[in-house]
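Descriptive structure summary
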Amino acid sequence: MSEITERAARRLVLDYTRDMALSDEDPAEIVDRTLTEDVIWQTDGTELDRAALIAHAAPSRKNVTAVDVRIDDLLVDGHRFAARCCLAAEHRKLGQVAIEWIMIGSVAADGRVRRIHQLARTPKS
């Protein structure tokens, strides 16, 4: 299961983030490929379900012109993972934006992510 979990975590952080911001693909297909139908994604106390994650794609695609995501640390234990990541994006209105986050998640038997708890911050220059 650890190998499946590592692939799922990398797919979530790298591919999902890029595709939701920049792809022309239907956001529902991206969500369904990466996350379970009953997904709960909590970031800084705000809880998002499948519908909210799909809706989040429109403003991202409207405002983000480039994105680069990296995983600085990734720990895997069975179906659970923890990651420390950094995102750098070019935003139409805000210019260069950087966000660092830590994420703890769990992966379903089918290799899709089921739960995410995330804490994010904007680093000081």
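Here goes a summary of the coordinates provided. (Residues numbered from 1 in each chain as written. Predicted model: local features only at pLDDT ≥ 70, side-chain atom pairs only at ≥ 80, totals over all residues. Heavy atoms only, no water.)

1. Considerations on the side chain of Asn63
Put simply, the rule is: Helix numbers and strand numbers start at the N terminus; a helix is a DSSP run of H or I with at least 4 residues, a strand a run of E with at least 2. Counting of polar contacts relies on pairs of N or O atoms within 3.5 Å, with two restrictions inside protein: one atom must be capable of donating a hydrogen and the other of accepting it, and residues adjacent in sequence are counted only when both atoms are side-chain atoms. By the convention used here, residues are in contact when the closest approach between their heavy atoms is within 4.5 Å.
Checked against the element boundaries, Asn63 lands in helix 3 (residues 50–63). Here Pro59 takes part through its backbone oxygen, which lies 3.1 Å from a polar atom of the side chain of Asn63. Apart from residues lying up to four places away in sequence, Asn63 is in contact with Glu90, His91, Arg92 and Lys93.

2. Side note on the nonpolar core
To be explicit about the condition: As used here, the term nonpolar core means buried Ala, Val, Leu, Ile, Met, Phe, Trp, Tyr and Cys residues forming a set that is joined through side-chain atoms within 4.5 Å. Exposure categories follow from relative accessible area, calculated using a 1.4 Å probe and restricted to protein chains: below 20% of the type maximum is buried, above 50% is exposed, and the middle band is partly exposed.
Among the nonpolar cores identified, the biggest contains 26 residues, and Leu12, Tyr16, Leu35, Trp41, Met103 and Val113 are the most heavily contacted of them. Where this core is concerned, the elements lending two or more residues are helix 1 (2–22), helix 2 (27–34), strand 1 (35–43), helix 3, strand 3 (64–77), strand 4 (80–91), strand 5 (95–107) and strand 6 (113–121). Here this core takes seven residues from helix 1, the largest share from any one element. Residue contacts for Met103: discarding those within four places in its chain leaves Leu12, Val13, Trp41, Phe81, Ala82, Ala83, Ile116, His117 and Gln118.

3. Comments concerning unusual backbone geometry
The residue Asp44 is not glycine, and still its phi comes out positive at about 50°. Judged by its relative accessible area of 44%, Asp44 falls in the partly exposed class.

4. Some points on the pattern of salt bridges
Proximity of charged atoms lets side chains of opposite charge pair with each other. This is how the line gets drawn: By salt bridge we mean one thing: a side-chain nitrogen of Lys or Arg within 4 Å of a carboxyl oxygen of Asp or Glu.
For the coordinates displayed, the defined rule picks out 14 salt bridges. Of the charged contacts in the structure, one is a salt bridge between Asp19 and Arg18, with a shortest N-O distance of 3.0 Å. Using a relative accessible area of 14% as the deciding quantity, one classes Asp19 as buried. Residue classification places Arg18 among the partly exposed residues on the basis of a relative accessible area of 38%. For Glu25, the salt bridge goes to Arg33, with nearest N and O atoms at 2.7 Å.

5. So, the pairing of strand 4
Our working definition: In short, DSSP must find at least two bridges between two strands for them to pair.
In terms of strand pairing, strand 3 meets strand 4 through twelve bridges, oriented antiparallel. By the bridge assignment for strand 4, Arg70 is matched with Cys86. Linking strand 3 to strand 4, which pair antiparallel, is a turn of two residues; within it Gly78 sits at a positive phi near 65°. With twelve bridges connecting them, strand 4 and strand 5 associate as antiparallel partners. Its bridge partner lying in strand 5, Arg84 is registered against Ile102.

6. Details of the packing of aromatic side chains
We apply this condition: Pairs were defined over the aromatic rings of Phe, Tyr and Trp, the Trp ring being its six-membered one, requiring ring centres within 6.5 Å. Orientation was assigned from the angle between planes: stacked under 30 degrees, edge-to-face over 60, tilted for the rest.
All told, the structure shown has one aromatic pair when counted by the stated rule. On the numbers, 5.7 Å between centres and 35° between planes, the contact of Tyr16 with Trp41 is tilted. Taken together, the residues span a long stretch of sequence, with Tyr16 in helix 1 and Trp41 in strand 1 at a distance of 25 residues. Note on accessibility: Tyr16 and Trp41 belong to one class, buried.

7. Quick notes on the sheet that holds strand 4
Put simply, the rule reads: Axes here refer to lines fitted to C-alpha atoms; in helices the fit is confined to the stretch in contact. Angles between the N-to-C directions go from 0 to 180 degrees.
One open sheet holds the six strands; their spatial order is 2-1-6-5-4-3, and the pairing between them is mixed. The open sheet is flanked by strand 2 (46–48) and strand 3, the only strands paired with a single partner. Sheet twist, expressed as the mean angle between neighbouring strand axes with direction ignored, is 20°.

The values reported here are purely geometric and, on their own, carry no functional implication.
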